[in-house]
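Here is what each chain is made of, one letter per residue.
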Amino acid sequence: MSRDTSHEALRAEQVTIPRGHAFSRLPWIGVGIGTLGLAVSLVLRSGNPKQFAFSWLVAFLFFLSLALGALFFVLIHFATQAGWGIVVRRLAENTMGTLPLFALLFVPVTLGMGELFPWIHGIAEGNDHVLNGKAPYLNTSFFVGRAVAYFACWSAIAMFYVQRSRTQDATASHSISANLRRFSGPAIIVLALTQTFAAVDWIMSLNPYWYSTIFGVYWFAGSFVSFFAFLTLMVLILRRAKLMAGAVGTEHFHDLGKLLFAFTVFWAYIGFSQYFLIWYGNIPEETIFFRARAVGSWGSVSLLLAAAHFVIPFFFFMPRTVKRHPGLLAIGATWLIAMHGVDLYWLVMPALHPEGISIGALDVATFLAVGGFFFAAVSFLMLGSPLVPVGDPRLPESLSFENF
Amino acid sequence: MPLYGVLAEFKTPAALYAACERVRDAGYTRWDAHSPFPVHGLDGAMGMRRSRLPWIILVCALGGAVTGFVLQAWVHKVAYPLIISGKPYFAWPAYVPITFELGVLGGALAAVFGMFGLNQLPRHHHPLFDATRFGRFSDDAFFISIESADPRFDATATARLLSGVGASQVELVEDNS
């Protein structure tokens, strides 16, 4: 390893994807996959609109998790004035820059509300005491209004940070860093509130009789794990393609590995806290959630989550060697992203298929549709700026970062 | 009076760093470097291997967790079965918080006391404290000490080696303990 501490900050062209590089076709590949997935989904939708709505919701939440995790990462990065991760911050910015796209991808959820949320019919019929009590919150116009507000907040924060950070590439201005740090605290509060309410609206209200006060944190914890896994994979791929100019190395992998480990534990902590209190209290209106996930093949999925989203990655990520080894880190990150998909499927699908798992063509098609457009947007943003925030005044600190 | 070893003083962290690499390459194993502040990469220059502490912590953490779980399970299922809020005798979710806490406790205690043990602390005195110049290791001077217990140690040859790698002062330290 180089012992040189007098790093010259990177030049932009060292870490920019060159014109005509194979990666410049990625947005088109993404659009192609997305369009194909969307077309197949729409064809299959006519046969089973209910399945379409649920499958779309799972795919939508899966990719939205990555973008919201990225937004939180960038905000916490500025709030804590983190030094180590400046070299990977631009990749997180590119991920959160897709948030405006999700407002568009939310349209099928809005159109499928009648299929997804039983409270719409329950309130319309007017003789359900519980749903009548919740009607001031759970009604169509307020639901859509809230969704608009969430996307407005997320898009505004994300685009502000993306735009200012890119401006800094050219100006290297200290005041931009100070400014973004000042906004990060209030922005984290806005994000925490909107993501919590979004979890209540889009996942918890699939069963409007059930409630859990920790539920928003549960989704947040999962989204942060999957974002770190996604960030790790992006870094590994770009480094392998020799586009990072040596800016990212073993020391940064080590930190990403530590964060993956830590938030895997955090997810399990929140998940168990939710289960534990509901199990202890044993009140029917709370236990229905786990009752539905204990019967049939859902019981096996619950056990799979406990083992494969916590126990296995917990011991896998524990040794220092794994966190510093690109190949092993890539395996662990891929594993955790997949497990986050299982987690969301497990949260959403028992509402549609109480009898057990039933994966069909629509699950695959909607995943490709949302994923294709998300992938196109991320890679499009990657092409538009250097892959490292070269204007950040504290970049040398991140370049020469070392773990003890 | 037995000889503890040789103490060499260096003026700058860079000189210390370079000297450590030479001492490491000369094959010494029982020696140490002393600096008022952490020097980046010095562990590599000294050829230090990873500490065994993580393994001690892992074993103690798992031991604590197993103890916590088994203790509760045994009390509630075998020794003193009692129905509490309609739960089965073996109500494993209720045991998780204590299991977790004892796991953390075992790991934390192992980390602190294992660190003390591996560093051979606490001790009342160290032979190096008798060396007149050594007090400045916490102020503005950098030292390398090589113990006479090292298989390669030879008072004259080792002292010559240290002078040759840039030490400004080299002295023999006796063991008065």
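Model, not experiment: these values are computed from the prediction.

A. Focus on the overall build of chain A. Secondary structure assignment for chain A yields 18 helices and zero strands. Each principal axis of the C-alpha distribution contributes one length, and for chain A these read about 70 × 40 × 40 Å. Burial status across chain A gives 43% buried among its 404 residues. Put simply, of all contacts in chain A between residues at least 6 apart along the chain, 86% involve residues at least 24 apart.

B. Highlighting the sheet that holds strand 4 (residues 169–174) of chain B. All names here are of chain B. Taken together, the four strands give an open sheet; going across it, the order is 2-3-1-4, and neighbouring strands pair in antiparallel fashion. Lying at the two open borders of the sheet, with one neighbouring strand each, are strand 2 (31–34) and strand 4. Averaged over neighbouring strand pairs, the angle between their axes works out to 20° when direction is ignored. Across six bridges, strand 1 (residues 3–10) lies against strand 3 (residues 142–147) in antiparallel orientation. Residue pairing across strands places Ala-8 opposite Ile-144, the latter belonging to strand 3. Relative to the sheet, helix 5 (residues 155–164) contacts strand 1, strand 3 and strand 4, its axis offset from that of strand 1 by approximately 10°.

C. Here's a closer look at helix 14 (residues 296–316) of chain A. Residue and element names in this part refer to chain A. With 21 residues, helix 14 ought to run about 30 Å at 1.5 Å a step, and its terminal C-alpha atoms sit 29 Å apart, in line with that. At Ala-307, helix 14 shows its maximal kink, close to 25°. All buried positions along helix 14 are accounted for by Trp-298, His-309 and Pro-313.

D. Local environment of the domain arrangement of chain B. Domain boundaries assigned for chain B yield domain 1 (3–49 + 126–174) and domain 2 (53–118). Placing a centre on the C-alpha atoms of domain 1 of chain B and another on those of domain 2 of chain B gives a separation of 44 Å.

E. Main features of the packing of helix 10 (residues 174–202) of chain A against helix 11 (residues 215–240) of chain A. Residue and element names in this part refer to chain A. Two elements in contact, helix 10 and helix 11, have axes separated by 8 Å at closest approach and are oriented at 105°. Classified by the angle their axes make, helix 10 and helix 11 are roughly perpendicular. Of helix 11, the residues touching helix 10 (which contributes Gln-195, Thr-196, Ala-199 and Val-200) are Phe-215, Gly-216, Trp-219 and Phe-220. Looking at the contact of helix 10 with helix 11, its residues break down into five nonpolar, three polar and no charged.

F. How the structure looks around the environment of Ile-357 of chain A. Residue and element names in this part refer to chain A. Relative to the helices and strands, Ile-357 is located in the loop between helix 16 (326–348) and helix 17 (361–383). As for Ile-357 and Tyr-345, which are separated by 12 residues in sequence, their C-alpha atoms are 9.2 Å apart. With residues near it in sequence (within four places) discarded, Ile-357 still touches Ser-297 and Val-301.

G. Quick look at the confidence of the model for chain B. Averaged over all residues, the pLDDT of chain B is 92; the fraction at 70 or higher stands at 100%. The complex model carries a pTM of 0.90, and its ipTM stands at 0.83.

H. Layout of the packing of helix 11 of chain A against helix 12 (residues 250–281) of chain A. Residues and elements named next belong to chain A. Following both chains from N to C, one finds helix 11 and helix 12 inclined at 160°, their axes separated by 9 Å at the closest point. Between helix 11 and helix 12, the angle is such that the two are roughly antiparallel. As helix 11 packs across helix 12, the resulting crossing turns out to be left-handed. Here Val-217, Tyr-218, Ala-221, Gly-222, Phe-224, Val-225, Phe-228, Ala-229, Leu-231 and Thr-232 of helix 11 lie close against helix 12, whose contacting residues are Leu-256, Leu-259, Leu-260, Phe-263, Thr-264, Phe-266, Trp-267, Ile-270, Gly-271 and Gln-274. Split by residue class, the contact of helix 11 with helix 12 holds 15 nonpolar, five polar and no charged.

I. The arrangement of the interface of chain A and chain B in detail. Listed per partner, the contact involves six residues of chain A and four residues of chain B. Across the side of chain A that touches chain B, the residue classes break down as four nonpolar, no polar and two charged.

J. Examining helix 2 (residues 49–79) of chain A more closely. Residue and element names in this part refer to chain A. Between its terminal C-alpha atoms helix 2 stretches 44 Å, which fits the 45 Å expected from 31 residues at 1.5 Å a residue. Within helix 2, 27 of the 31 residues are buried, leaving the element largely enclosed by the surrounding structure. In the segment just after helix 2, Gln-81 is the residue with positive phi, at about 50°.

K. Geometry of the environment of Glu-251 of chain A. Residues and elements named next belong to chain A. Here Glu-251 is to be found in helix 12. Taking the C-beta count within 10 Å as the criterion, Glu-251 has 17 such neighbours and is therefore assigned partly exposed. Along the chain, Glu-251 and Phe-197 lie 54 residues apart, while their C-alpha atoms are 37 Å from each other. Setting aside its immediate chain neighbours within four residues, Glu-251 contacts Phe-401, Glu-402 and Asn-403.

L. Representation of the nonpolar core. Within the largest apolar cluster, 113 residues are counted, with the highest numbers of intra-cluster contacts made by Leu-71 and Leu-260 of chain A. The leading source of residues in this core is helix 2 of chain A, at 22 residues. Residues Ala-8, Ala-45, Ile-144 and Leu-161 of chain B belong to the second largest nonpolar core, which totals 26 residues.

The rules behind the values
- Note that residues are indexed from 1 along each chain, following the sequence as it is written.
- In the order they appear in the text, chains get letters beginning with A and ligands get numbers beginning with 1.
- Predicted model: local features are reported for residues with pLDDT of at least 70 only, side-chain atom pairs are reported and counted for 80 or more only, and whole-chain, interface and lining totals are derived from all residues.
- Elements are defined by DSSP. Helices are runs of H or I of four residues or more, strands are runs of E of two residues or more, and each kind is numbered from the N terminus.
- Burial is judged by counting other C-beta atoms within 10 Å of a residue's own C-beta: 20 or more means buried, 12 or fewer means exposed, and anything between counts as partly exposed, with every C-beta placed from the backbone.
- Placing a C-beta atom from the backbone of each residue, one calls two residues in contact when those atoms lie within 7 Å.
- At least two bridges found by DSSP between two strands are what make those strands a pair.
- Each axis is a line fitted through C-alpha atoms, taken for helices only over the stretch in contact, and angles between the N-to-C directions span 0 to 180 degrees.
- Each residue after the first adds 1.5 Å to the expected span of a helix.
- Here the bend at a residue means the angle between the axes of two seven-residue stretches, the one that ends at it and the one that starts at it.
- The split of the chain into domains comes from an automatic or database domain assignment.
- An angle below 35 degrees is treated as roughly parallel, one above 145 as roughly antiparallel, one from 65 to 115 as roughly perpendicular, and anything else as oblique.
- Classification used: nonpolar for Ala, Val, Leu, Ile, Met, Phe, Trp, Tyr, Cys and Pro, charged for Asp, Glu, Lys and Arg, polar for all others including Gly.
- pLDDT measures the predictor's confidence residue by residue and takes values from 0 up to 100.
- A crossing counts as left-handed when the near helix is turned anticlockwise from the far one by less than a right angle, and as right-handed when that turn is clockwise.
- Working definition: the nonpolar core is a set of buried Ala, Val, Leu, Ile, Met, Phe, Trp, Tyr and Cys residues, joined through C-beta atoms within 7 Å.

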